Amino acid sequence: MPVEGSRPDIWTTGDSYEPYVGRWSRLVAREFLNWLALPEGSNWLDVGCGTGSLSETILLLCDPGHVKGIDRSEGFIEYIRNKIREPHAEFHVGDAQSLPVETGTCDSAVSGLVLNFVPQPGRMVSEMARVVRKGGTVALFVWDYAGKMQLMRHFWNAAVALDPSAYALDEGRRSPICDPARLSDLFREAGLQRVETRPVDISTDFKDFDDYWLPFLGGQGPAPAYAMSLTEEKRVQLRERLRA
C-alpha cells in the first residue's frame, strides 16, 4: 500500500525483472509447489503471474490440467505469452482484487510476491478464495522484506545510511503484512480453513558484485526505481557503499 513519500512501483519490463527477482522467485516456487503437493491434472490460477516464474514452474513440475495467469501489467503479459506457448496455459491482463474468473472453477489459486503490492490485500485473498472450488487450495508466498530477504535488505540499509528519506520507501517498512501471523489472520478473515504457514529459504548466489548490482539499474520494483531516481553521483555512492 502506498505510504507518504513513496514513489509508484514500476512493473512493466520482463527483461529487467528477470535478473532482479525472477531468477530467485523460481527457486522459491519449486519449494512452494513441493510443499503444496497438489494432484496432477489440477486447474491452476496464478494471480499476479508477472513474468511467469510460478506458472512456468507449475507447468514444469505439476503436470497441470490447465494454468491461467492474471496480471495487471500489459508488459509482463506480453512477455509471458511470448515465453510460454503451452496449449493448456493462458495469460490475461486483469486485477488481482477483481479476478476475471468464474466462482468455484479452479482447483487452486496461487500467487507469488504480489500480495504486498495490491491496495487491498484482504480483497485479493477473498477473490482467490471465491474462484476456488470447495476443498480447493489457496496459497501464496512473499519475501521477508524486513529480515531475511537479504539482497534487498542490504540495499535499503545502505540507501537509508546515505539518504534518510529513503526510509519511507524501504520495503521492510512498507510491507508489514509479510509476516506469518498477519498472513494467517488475513486468510482466516477470508473464510479459509486449515491455514498453515512455513518459511522457504533459498540461497541467492551471485557470480560477482556486478551480478548483484546491475539488476538494480533495470528500474523494476521499489529498490531499482529508487536507484534510478538518484543522480549519477549519488548512485555511485550507493554502489560503492554496497560493494564495501
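Further up the page is the structure itself.
Calculation rules
- Residues numbered from 1 in each chain as written.
- Predicted model: local features only at pLDDT ≥ 70, side-chain atom pairs only at ≥ 80, totals over all residues.
- Heavy atoms only, no water.
- Helix = DSSP H or I, 4+ residues; strand = E, 2+ residues; numbered from the N terminus.
- Buried < 20%, exposed > 50% of the residue type's maximum accessible area, 1.4 Å probe, protein only.
- Phe/Tyr/Trp six-rings, centres within 6.5 Å; stacked < 30°, edge-to-face > 60°.
- Pairing = 2+ DSSP bridges.
- Right-handed = clockwise from strand over helix to strand, strands pointing away.
- Contact = heavy atoms within 4.5 Å.
- Salt bridge = Lys/Arg side-chain N within 4 Å of Asp/Glu carboxyl O.
- Core = buried A, V, L, I, M, F, W, Y, C linked by side-chain atoms within 4.5 Å.
- Arc of directions from axis to C-beta.

Please set out unusual backbone geometry residue by residue, giving values where relevant.
Across residues other than glycine, the phi torsion is negative in most instances, and most of the peptide bonds are trans. Even without being a glycine, Asp-63 presents a positive backbone phi close to 45°. For Asp-63, the position within the fold is in the loop between helix H2 (53-61) and strand E2 (66-71). By relative accessible area, Asp-63 is classed as partly exposed at 45%. Non-glycine residue Arg-194 carries a positive phi angle of around 50°. By the secondary structure assignment, Arg-194 is in the loop between helix H7 (180-189) and helix H8 (209-213).

Talk me through the packing of aromatic side chains; I want residue IDs and the actual numbers.
Enumeration over the complete set of coordinates arrives at eleven aromatic pairs. A centroid spacing of 5.6 Å and a plane angle of 45° characterise the contact between Trp-156 and Tyr-226, whose relative ring orientation is tilted. A residue pair is termed long-range when its members are at least 10 positions apart, and Trp-156 in helix H5 (residues 150-162) and Tyr-226 in helix H9 (residues 222-229) qualify at 70 residues. Look at Trp-156 and you get buried, because its relative accessible area is 1%. Connected via pairs of aromatic rings, a cluster forms that spans Tyr-20, Trp-24, Phe-155, Trp-156, Phe-206, Phe-209, Tyr-212, Trp-213, Phe-216 and Tyr-226.

Could you give an account of the pairing of strand E3 (residues 89-93), naming the residues involved and the relevant values?
Bridging between E2 and E3 involves five bridges; their strand directions are parallel. Within E3, the position partnered with Val-67 by the bridge is Ala-89. Each parallel crossover has a hand, and for E2 linked through helix H3 (residues 74-83) to E3 it is right-handed.

Outline the environment of Ile-84, listing residues and values.
Residue position: Ile-84 is located in the loop between H3 and E3. For Ile-84 and Ser-55, which are 29 residues apart along the polypeptide, the C-alpha to C-alpha distance reads 9.0 Å. Contact partners of Ile-84, with chain neighbours within four places excluded, come to Gly-52, Glu-56, Leu-59, Ala-89 and Phe-91.

A description of the environment of Leu-238 should follow, citing residues and the corresponding values.
Looking at where Leu-238 falls in the secondary structure, it is placed in helix H10 (residues 232-243). On the basis of relative accessibility, which here comes to 2%, the residue Leu-238 falls in the buried class.

So, the pattern of salt bridges: which residues are in play, and what are the values?
A complete count under the given rule lists ten salt bridges for this structure. Ionic pairing is found between Arg-26 and Glu-56, a salt bridge with its closest N-O pair at 2.4 Å. On the criterion of sequence distance, the pair formed by Arg-26 in helix H1 (residues 14-36) and Glu-56 in helix H2 is long-range, its members being 30 residues apart. Taking the relative accessible area as the measure of exposure, Arg-26 reaches 18% and is therefore buried. The class for Glu-56 is partly exposed, based on a relative accessible area of 27%. Connected through shared salt-bridge partners, Arg-26, Glu-56 and Lys-83 make up one network.

I'd like a description of the nonpolar core, backed by residues and values.
Ranked by internal contacts, the top residues of the largest apolar core, which has 74 residues, are Trp-44, Leu-45, Leu-115, Trp-143, Phe-155, Tyr-226 and Leu-238. The contacts of Trp-44, once residues within four sequence positions are left out, are Leu-33, Leu-36, Leu-38, Ile-58, Cys-62, Pro-64, His-66, Val-67, Lys-68, Ser-108 and Val-110.

Any chance you could break down the pairing of E2 for me, citing the residues and the numbers?
For strand E1 (residues 43-47) and E2, the ladder comprises five bridges, and the chain directions are parallel. Residue pairing in the sheet places Leu-45 in a bridge with Lys-68 of E2. With H2 bridging E1 and the parallel E2, this β-α-β connection has right-handed handedness.

Please provide a residue-by-residue account of H3, values included.
Phe-76, Ile-77, Tyr-79 and Ile-80 are the residues of H3 that are buried. One face of H3 carries all of its buried residues, which in axial projection span an arc of 160°. Among the exposed residues of H3, those pointing more than 90 degrees away from its buried face are Glu-74 and Glu-78.

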